[in-house]
Amino acid sequence: MIRWTTTGVHPASSIMRARVLLALDTSAGEPDSKEVVAARLGVSGETLRLVARRFAETGGDVLATISRKKRDLPPVPSPVTGEVEARLIALACSAPPEGYARWSLRLLEKHVQLTEDIPDLDHSTIGRVLKKRNCVLI
């Protein structure tokens, strides 16, 4: 772990967590108080507590403690699927409603809300989908 802090290229947060673990290591004797360690490393007492808790949660796995946690899944799946994209593009390519010369993003948003098989999307999401597929509203 000492090599992690002195050689190679590693993220600063990983180096900081490795230094905290080294400072809190009890195998080399009694560590200094948490206030002294925090001041010496330039971190807060909360950071010391979080690193120590993560070390305990990982069962003493040093590499798992100092590296970033991988996220299992995105927190919320995107409502825009391939089928939704296809329906949205088909709507944007169709003739605009009577009284309008062309589709606007806000007009598409209103029509998407009225369509039952497409989830409600805001105009910025609709714009991103159309831009991604190079669809231009004329």
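The model shown is predicted, which means the values in this text are computed figures rather than measured ones.

What follows deals with the packing of helix α6 (residues 82-93) against helix α8 (residues 123-132). The contact between α6 and α8 brings their axes to 10 Å, and the two run at 90°. Relative to α8, the element α6 is oriented roughly perpendicular. Contacts between α6 and α8 involve E85, L88, I89 and A92 from the former and I126, V129, L130 and K132 from the latter. Considered class by class, the residues forming the contact of α6 with α8 number six nonpolar, no polar and two charged.

Turning our eyes to something else, we now look at the packing of helix α2 (residues 12-24) against helix α4 (residues 45-57). Axis separation between α2 and α4 bottoms out at 10 Å; the angle between their running directions is 80°. As far as their axial angle goes, α4 and α2 are roughly perpendicular. Only T47, L48, V51, A52 and F55 of α4 make contact with α2, whose side of the interface consists of M16, R17, V20, L21 and L24. Its residues assigned to classes, the contact of α2 with α4 shows eight nonpolar, one polar and one charged.

In this section: the environment of P11. Assignment of secondary structure puts P11 in the loop between α1 (2-6) and α2. Look at P11 and you get partly exposed, because its relative accessible area is 48%. P11 sits 13 residues away from L24 along the chain, and the two C-alpha atoms are 20 Å apart.

What follows concerns the environment of S67. As for its placement among the helices and strands, S67 is situated in the loop between α5 (62-66) and α6. Accessibility expressed as a relative area gives 25% for S67, which makes it partly exposed. Along the backbone, S67 and S13 are 54 residues apart, and their C-alpha atoms lie at a distance of 8.3 Å. With sequence-adjacent residues up to four places away left out, S67 is seen in contact with S14, R17 and R54.

Counting 14 residues, the largest nonpolar core has L88, L108, V112, L121 and I126 as its most contacted members. Of all the secondary structure elements, the ones that give two or more residues to this core are α6, α7 (105-114) and α8. Excluding its chain neighbours within four sequence positions, the residues that come into contact with V112 are L88, L91, I118, P119, D120, L121 and I126. Core analysis: the second largest hydrophobic core is formed by ten residues, A23, V37, L48 and V51 among them.

Another aspect to go through is the pattern of salt bridges. Side chains carrying opposite charge are able to pair once their charged atoms draw close together. All told, the structure shown has six salt bridges when counted by the stated rule. Between R40 and D32 there is a salt bridge; the shortest N-O distance is 2.8 Å. The salt bridge involving R53 is made with E57; its shortest N-O contact spans 3.4 Å. Taken as a pair, R53 and E57 lie in helix α4 at a separation of four residues, close to a single helical turn.

For G59, the location among the structural elements is in the loop between α4 and α5. G59 sits 42 residues away from R17 along the chain, and the two C-alpha atoms are 16 Å apart.

Next up on the list: the confidence of the model for the protein chain. This prediction gives the protein chain a mean pLDDT of 87; 97% of its residues lie at or above 70. For the protein chain, per-element mean pLDDT is lowest for α1, which scores 70, and highest for α7, which scores 94.

Moving on: α8. Among the residues making up α8, those that are buried are T125, I126, G127, V129 and L130. Along its buried surface, α8 packs onto α6 and α7. Where α8 terminates, the next one or two residues include N134, which has phi positive at roughly 55°.

The rules we used
- Residues numbered from 1 in each chain as written.
- Predicted model: local features only at pLDDT ≥ 70, side-chain atom pairs only at ≥ 80, totals over all residues.
- Heavy atoms only, no water.
- Axes fitted to C-alpha atoms, helices over the stretch in contact; angles between N-to-C directions.
- Helix = DSSP H or I, 4+ residues; strand = E, 2+ residues; numbered from the N terminus.
- Parallel < 35°, antiparallel > 145°, perpendicular 65-115°, else oblique.
- Contact = heavy atoms within 4.5 Å.
- Nonpolar A, V, L, I, M, F, W, Y, C, P; charged D, E, K, R; others polar.
- Buried < 20%, exposed > 50% of the residue type's maximum accessible area, 1.4 Å probe, protein only.
- Core = buried A, V, L, I, M, F, W, Y, C linked by side-chain atoms within 4.5 Å.
- Salt bridge = Lys/Arg side-chain N within 4 Å of Asp/Glu carboxyl O.
- pLDDT = per-residue confidence, 0-100.

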